[in-house]
Amino acid sequence: MRQIIVTGGGTGIGRAVAAAFAAQGDQVVITGRRAAVLAATTAELGPSVRAVAFDAADPAQVEAALADLPDQVDVLVNNAGGNTDIGAERAPGLAGLAAAWQANLHANLLSAVLVTAALRDRLRTGGTVINISSIAAHRGGSGSYGAAKAAVEAWTLTLAQELAPAGITANTIAPGYIEDTEFFGPGISPERRAWNITNTLNKRPGTPADLAGTALYLASPAATHLTAQTLHLNGGTFSGR
Ligand SMILES: NC(=O)c1ccc[n+]([C@@H]2O[C@H](COP(=O)([O-])OP(=O)(O)OC[C@H]3O[C@@H](n4cnc5c(N)ncnc54)[C@H](OP(=O)(O)O)[C@@H]3O)[C@@H](O)[C@H]2O)c1
C-alpha cells in the first residue's frame, strides 16, 4: 500500500489531495500546525488518513516529527504555505521588510526544502515529490510570495536532478485562483474574485479537486517520464508554453 504525505493537508488544496489519495486506497498522513484542524479533517476523511502536527518551516519540529512519519514514502506533496502578507501588519523600516520576506520564504520555500530533506532517505523508487507553487511566481504583483514560489520552482529542478537516479520524479504544480481554501483568510472581495475568473479562458475558478486530479496523475505509473516540470493549472490564465 502506498504511503502519502501531504503537508498543509488539513484545509483547502491539501485536504482535497489527501482525500483523493485516500479514496484510491492509499495510506495518507496530513500535516499542519493546528492539531485541532487536522483532527477534524482526519475524522471526516476516514481511517486511512492520520495527522502529524508540526511547523514545516521549523527544522527542530520537522526533525521531531520524523518518528511519527512513515518509514517509507511513495508520494510527498509539499503543499504547506500561503501568502503571509495577507492580513499581516508590516513593521516599519527595513527590519519590517526583512521579516515579511522571511515569513514568505519560510512558509513556502523552506517548509518544502526541510520536509523533503528530512524524508529524502525514505522516498521509495517509483515515488514522486510534488511541490505547490503559484501563478504569482509568473505574473508578479505579489512581491515576496511570488518570489518564494519562483524559488520553489527553481529548487524543484535541482531536486528532480538529484532524485532521478533513484527512479523518483519531482514536479511543481503552479495553480491559479483556487476557491474553497483558507488562502485569502476571511475572504476575497467580489471584484477580485470576478477579475480572477475573467482572466481564465474557461471562465471558472479553480477548485481543490482540480489540484487533486493533477496530483493523482503525477503520482501515477503514467507519469514516470514526467519530471523537473512546472504544470500550470489555471484555466488558461497564464500559459507556461
Ligand atoms: N488558493 C489559491 O488560490 C492558491 C493559488 C496558488 C497557490 N496556492 C498554494 O496552495 C497551497 C495550499 O494553499 P490553500 O490555497 O489550500 O490554502 P490553505 O487552506 O490556507 O492551506 C494551507 C495549509 O498549509 C498549512 N501551513 C501553512 N504554513 C505551514 C507551516 N509552516 N507548517 C505546516 N503547515 C503549514 C496550513 O495549516 P496550519 O495553518 O494549521 O499550519 C493550511 O492547512 C499553498 O502553498 C498556497 O500558497 C493557493
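Before going into details, it helps to say that this report is about the structure given with it. (Residues numbered from 1 in each chain as written. Predicted model: local features only at pLDDT ≥ 70, side-chain atom pairs only at ≥ 80, totals over all residues. Heavy atoms only, no water.)

With respect to the element layout, Thr200 can be found in the loop between helix 7 (190-198) and helix 8 (208-218). Here Thr200 falls in the buried class, since its relative accessible area comes to 6%. Within the structure, Thr200 has its side chain in polar contact with the backbone nitrogen of Arg204 (distance 3.3 Å). The contacts of Thr200, once residues within four sequence positions are left out, are Asn234, Gly235 and Thr237. (Helix = DSSP H or I, 4+ residues; strand = E, 2+ residues; numbered from the N terminus. Buried < 20%, exposed > 50% of the residue type's maximum accessible area, 1.4 Å probe, protein only. Polar contact = N/O pair within 3.5 Å; in protein donor to acceptor, adjacent residues only side chain to side chain. Contact = heavy atoms within 4.5 Å.)

Okay, the environment of Pro186 next. Relative to the elements of secondary structure, Pro186 occurs in the loop between strand 6 (169-175) and helix 7. By relative accessible area, which is 90% here, Pro186 ends up exposed. Spatially, the C-alpha atom of Pro186 lies 8.9 Å from that of Gly87, the residues being 99 residues apart in sequence.

Taking strand neighbours across the sheet as the criterion, the 7 strands line up as 3-2-1-4-5-6-7 in an open arrangement whose pairing is parallel. The open sheet terminates on both sides in strands that have one partner only, identified here as strand 3 (49-53) and strand 7 (230-233). For this sheet, the mean angle separating the axes of adjacent strands, direction not counted, is 20°. Relative to strand 4 (residues 73-78), strand 1 (residues 3-7) runs parallel, the two being bridged by 3 bridges. The residue bridging Val6 from the neighbouring strand is Val77, located in strand 4. Against the sheet, helix 4 (residues 93-119) touches strand 1, strand 4 and strand 5 (123-132), its axis set at about 170° to strand 4. (Pairing = 2+ DSSP bridges. Axes fitted to C-alpha atoms, helices over the stretch in contact; angles between N-to-C directions.)

Bringing the packing of aromatic side chains into the picture now. When we look at a pair of aromatic rings, we describe it by the centre distance and by the angle of the planes. The full count for this structure, using the stated rule, is 3 aromatic pairs. Both rings, one in Tyr145 and one in Phe183, keep their centres 5.5 Å apart while their planes meet at 55°; by these two values the pair is tilted. Of this pair, Tyr145 sits in helix 6 (residues 143-163) while Phe183 is found in the loop between strand 6 and helix 7, placing the two residues 38 residues apart along the sequence. Given a relative accessible area of 29%, Phe183 falls into the partly exposed group. One aromatic cluster in this structure is built from Tyr145, Tyr177, Phe183 and Phe184. (Phe/Tyr/Trp six-rings, centres within 6.5 Å; stacked < 30°, edge-to-face > 60°.)

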